[in-house]
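Structural description and commentary
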Amino acid sequence: MISKALEEYLKTMYILKKQNGDIRVTDIANKMNCSKPSVNKAINNLKDNNLINYESYGTIELTESGENLAKKILEAYDIGYVFFKDVLELEKKDAEEEAEKIKSVLADNTLNRLAKYVHKVLDFNDLDCGYDINKEKCRCCVRNSLKGKV
């Protein structure tokens, strides 16, 4: 298990990869509004946890386990956000803050059940696709369903 701070770095790296294709220390520092030494420390910790591959002054690559964990972090945030905003009807800012707090403390089974509940209550779909927090396919379902409700 990695710290919440390292989760944020990993999530940012995944987003940068999706947006730019390449992940560089400078891009992470700019996106997270932090120093390059902070990024380098996080990179070393993530590398020690086999979540990224990195050689000094090169690009950063997420390992398969790093990419899977980043997807899971984003999915957990989305599930919490949708629950707080659309089910409990919290203000957007409050929903974002609460989702950020719970994303890393709930067990996979709990997140799976919460996702099924959210989808049922909001009538997105029944998630008979075998929804699992560890798979990305349903993350897209949540995003697509939200576009129709907004």
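Reading guide: rules and limits
Residues numbered from 1 in each chain as written. Predicted model: local features only at pLDDT ≥ 70, side-chain atom pairs only at ≥ 80, totals over all residues. Heavy atoms only, no water. Helix = DSSP H or I, 4+ residues; strand = E, 2+ residues; numbered from the N terminus. Buried < 20%, exposed > 50% of the residue type's maximum accessible area, 1.4 Å probe, protein only. Contact = heavy atoms within 4.5 Å. Areas by Shrake-Rupley, 256 points an atom, 1.4 Å probe, with all protein chains shown as cover. Phe/Tyr/Trp six-rings, centres within 6.5 Å; stacked < 30°, edge-to-face > 60°. Lys NZ or Arg CZ within 6 Å of the ring centre and 35° of its normal. Axes fitted to C-alpha atoms, helices over the stretch in contact; angles between N-to-C directions. Parallel < 35°, antiparallel > 145°, perpendicular 65-115°, else oblique. Nonpolar A, V, L, I, M, F, W, Y, C, P; charged D, E, K, R; others polar. Core = buried A, V, L, I, M, F, W, Y, C linked by side-chain atoms within 4.5 Å. Salt bridge = Lys/Arg side-chain N within 4 Å of Asp/Glu carboxyl O. Left-handed = near helix turned anticlockwise from the far one by under 90°.

What follows concerns the overall build of the chain. The number of helices and strands found in the chain is seven helices and two strands. In the chain, which comprises 150 residues, the proportion classed as buried is 41%. For the chain, restricting intrachain contacts to residue pairs at least 6 apart in sequence, the fraction spanning at least 24 positions comes to 52%. Working note: accessible area of the chain is about 8,800 Å², and carbon and sulfur atoms make up 47% of it.

What follows deals with the packing of aromatic side chains. All chains considered together, the criterion is met by three aromatic pairs. Aromatic pair F83 and F84: ring centres 5.5 Å apart, planes at 65°, arrangement edge-to-face. Take F83: its relative accessible area is 17%, and that puts it in the buried class. Classification of F84 as buried rests on a relative accessible area of 12%. Members of the aromatic cluster, connected to one another through ring pairs, are F83, F84 and Y117. Taking the ring centre of Y77 as reference, the NZ or CZ of K11 above it sits at 5.6 Å.

Let us look at the packing of helix α1 (residues 4–20) against helix α3 (residues 36–48). At a minimum axis separation of 10 Å, α1 and α3 run at an interaxial angle of 95°. As judged from the angle between their axes, α1 and α3 are roughly perpendicular. Across from L6, Y9, L10 and M13 in α1, the residues of α3 making contact are S38, V39, A42, I43, N45 and L46. Here the contact of α1 with α3 is built from residues that sort into eight nonpolar, two polar and no charged.

The next subject is the nonpolar core. Counting residues in hydrophobic clusters, the biggest one holds 23 residues, and the most contacted among them are L10, M13, I28, I43, L46, I52 and I60. At the level of secondary structure, the elements contributing two or more residues to this core comprise α1, α2 (25–32), α3 and α4 (64–87). The leading source of residues in this core is α1, at six residues. When sequence neighbours within four positions are dropped, the list of residues in contact with I43 reads M13, V25, I52, Y54 and I60. Membership of the second largest hydrophobic core comes to 14 residues, among which are I79, F83, I102 and L122.

Looking at the element boundaries, L122 is found in the loop between α6 (108–121) and α7 (137–149). Note: C-alpha distance between L122 and V82 (40 residues apart in sequence) is 9.4 Å.

Per the counting criterion, the structure on display carries 10 salt bridges. A single salt-bridge network, built from bridges that share partners, covers E8, K11 and E100.

Looking now at the packing of α2 against α3. Interhelical geometry of α2 versus α3 gives an angle of 115° and a closest axis separation of 9 Å. Here α3 runs roughly perpendicular to α2, going by the angle between their axes. Handedness of the α2/α3 crossing: right-handed. Of the residues in α3, those touching α2 at V25, T26, I28 and A29 are K36, V39, N40 and I43. When its residues are assigned to classes, the contact of α2 with α3 shows five nonpolar, two polar and one charged.

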